[in-house]
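Coordinate inspection notes
Each chain, written out:
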Amino acid sequence: MKIITACSTGLGSSFMTQLNIEKALKNLGVDGVETDHMDIASVGPTSADVLFVGRDIAEAATGLMGDVVVLDSLIDMENITKQVAAALERHGVEVPNK
Amino acid sequence: MLSSYLQSGGVLVIDKVADWREAVDVVTRPLLDADTITDGYVEAIKTSISSPGGTYIDLGGGVALAHARPETGVKTTSLSVLHVGEPFALADDASHPISTMFCLAAEDANAHIDLMQALASLLTDADRLAAVNAAGSVAELTAALA
């Protein structure tokens, strides 16, 4: 299981989101999920299982991967944790601390 | 600690700015003065914000992280922050009101992980974020970032 985040530059917003997803994974008690951040132009269908992006590049991210999650806020841990848990379940990963 | 990454003189508080371009000019000034970025980096940030989808630097909670690609003019990884009393509209888009704008200058995509960890833990803590957004002086903002 791999989750990636993307933004236009691949080092600010996406990096922040990746760190917050890692925090969510820890809170959820999930191990062994790989995460990374990159610029949107580098994302392809096989880059990962799930792509997280902010609402402003949702359009650019459409169709890049099979599973794309759009976040309204990149720092709202409550929603990020909820979205990460849902994504894990979609991909058959058990979530201990739901 | 985030404060250890902030450029000397890089914590700024002013009442208001004319628009988001002025906010970028103000927040990048300490980094230009310290010679950690070039004028090209400031222009690259403005071009990025005014491009389609450029408001992606709005992290939520009234906070924006102004940044561009390293090759556009980053000399040394560094950070500055501006808080304004009256929110401005990022990219002139009223759905993106910003009270606090950080300027991140990163030398590459990964080297600044400690800085980003510190920033992420600040911004995901509702109490600390509220203190940042309520800061009325450089001393208050510095304390909120510590």
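The shown structure was predicted, so the numbers you read here are calculated from the model rather than taken from an experiment.

Cut-offs used in this document
- Each chain has its residues counted from 1, following the order in which its sequence is written.
- Ligands are numbered from 1 and chains lettered from A, in the order in which they are written.
- Where totals are concerned, whole chains, interfaces and linings use all residues; where local detail is concerned, this predicted model gives features only for residues with pLDDT of at least 70, and gives and counts side-chain atom pairs only at 80 or more.
- Only hydrogens and water are set aside when side-chain values are computed; all heavy atoms of the structure are taken into account.
- UniProt positions are given in the numbering used here, feature names are shortened, and annotations may be inferred rather than shown by experiment.
- A run of H or I in DSSP becomes a helix once it reaches four residues, and a run of E becomes a strand once it reaches two; helices and strands are each numbered from the N terminus.
- The term salt bridge refers to a side-chain nitrogen of Lys or Arg lying within 4 Å of a carboxyl oxygen of Asp or Glu.
- Categorising residues by exposure relies on relative accessible area from a 1.4 Å probe, with only protein chains included: less than 20% of the type maximum marks a residue as buried, more than 50% marks it as exposed, and the intermediate range marks it as partly exposed.
- Residues count as neighbours in contact if any of their non-hydrogen atoms are within 4.5 Å of one another.
- We call a set of buried residues a nonpolar core when its members are Ala, Val, Leu, Ile, Met, Phe, Trp, Tyr or Cys and they connect through side-chain atoms within 4.5 Å of each other.
- pLDDT runs from 0 to 100 and stands for how confident the predictor is about each residue.
- Should DSSP find at least two bridges between two strands, the strands are regarded as paired.
- For helices, the fitted line uses only the C-alpha atoms of the stretch in contact; every axis is such a line through C-alpha atoms, and the angle between N-to-C directions lies from 0 to 180 degrees.
- Any pair of nitrogen or oxygen atoms within 3.5 Å is treated as a polar contact; in protein, a donor-acceptor pairing is required on top of that, and neighbouring residues in sequence qualify only through side-chain atoms on both sides.

Points about the UniProt feature "domain: PTS EIIA type-2" (unreviewed entry) in chain B
Those places that UniProt annotates as "domain: PTS EIIA type-2" (unreviewed entry) correspond, in this numbering, to residues 4-146 of chain B. Structurally, residues 4-146 of chain B is divided into 37% helix and 26% strand, and its ends, taken at the C-alpha atoms, are 9 Å apart.

Side note on the pattern of salt bridges
All names here are of chain B. Under the criterion given, the structure shown has seven salt bridges over all chains. Here Asp35 makes a salt bridge to Lys75, at a shortest N to O gap of 2.6 Å. Here the residue Asp35 occupies a position in the loop between α1 (20-33) and α2 (39-50), and Lys75 occupies one in the loop between β3 (63-66) and β4 (78-89), the gap between them amounting to 40 residues. Owing to a relative accessible area of 44%, Asp35 belongs among the partly exposed residues under this scheme.

Quick word on the environment of A:Val43
Residue and element names in this part refer to chain A. With respect to the secondary-structure elements, Val43 resides in the loop between β2 (34-39) and β3 (50-54). Residues Val43 and Val68 lie 25 residues apart in sequence; the distance between their C-alpha atoms is 11 Å. The residues touching Val43, leaving out its near neighbours within four places in the chain, are Ile4, Ala6, Met38, Leu51, Leu64 and Met65.

Some thoughts on the UniProt feature "domain: PTS EIIB type-2" (unreviewed entry) in chain A
The UniProt record marks residues 1-92 of chain A with the feature "domain: PTS EIIB type-2" (unreviewed entry), using the residue numbering of this structure. As a span, residues 1-92 of chain A carries 36% helix and 23% strand, and end to end its C-alpha atoms are 9 Å apart.

Re the nonpolar core
Core analysis: the biggest nonpolar cluster contains 49 residues, and A:Phe52, A:Val84, A:Leu88, B:Phe102, B:Leu123 and B:Leu145 have the highest contact counts within it. With seven residues, helix α3 (residues 113-123) of chain B is the largest single contributor of residues to this core. If near-sequence neighbours (up to four positions away) are discounted, A:Phe52 is found in contact with A:Ile3, A:Ile4, A:Thr5, A:Ala6, A:Ile21, A:Val69, A:Leu71, A:Gln83, A:Val84 and A:Ala87. In this structure, A:Ile40, A:Ala48, B:Val42 and B:Val74 belong to the second largest nonpolar core, which totals 40 residues.

Notes on the confidence of the model for chain B
Taken residue by residue, chain B gives an average pLDDT of 94. The fraction at 70 or more is 99%. Prediction confidence for the complex, expressed as pTM and ipTM, is 0.91 and 0.86 respectively.

Some remarks on the sheet that holds β3(A)
Residues and elements named next belong to chain A. Taking strand neighbours across the sheet as the criterion, the four strands line up as β2-β1-β3-β4 in an open arrangement whose pairing is parallel. Pairing within the sheet leaves two strands with one partner each, and these edge strands are β2 and β4 (68-71). Each neighbouring strand pair of the sheet contributes to a mean axis angle of 25°, computed without reference to strand direction. Sheet topology places strand β1 (residues 2-7) next to β3; three bridges connect them, and they run parallel. Within the sheet, the bridge partner assigned to Ile4 lies in β3 and is Leu51.

Side note on the environment of B:Glu107
Residue and element names in this part refer to chain B. As for its position among the elements, Glu107 is in the loop between β5 (97-105) and α3. You can call Glu107 partly exposed: its relative accessible area is 43%. Along the sequence, Glu107 and Gln7 sit 100 residues apart, while their C-alpha atoms lie 15 Å from each other. Residues in contact with Glu107, not counting those within four places in the same chain, are Pro70, Val74, Lys75, Thr76 and Thr77. One polar contact links the side chain of Glu107 to the main-chain amide nitrogen of Thr77, over a distance of 3.1 Å.

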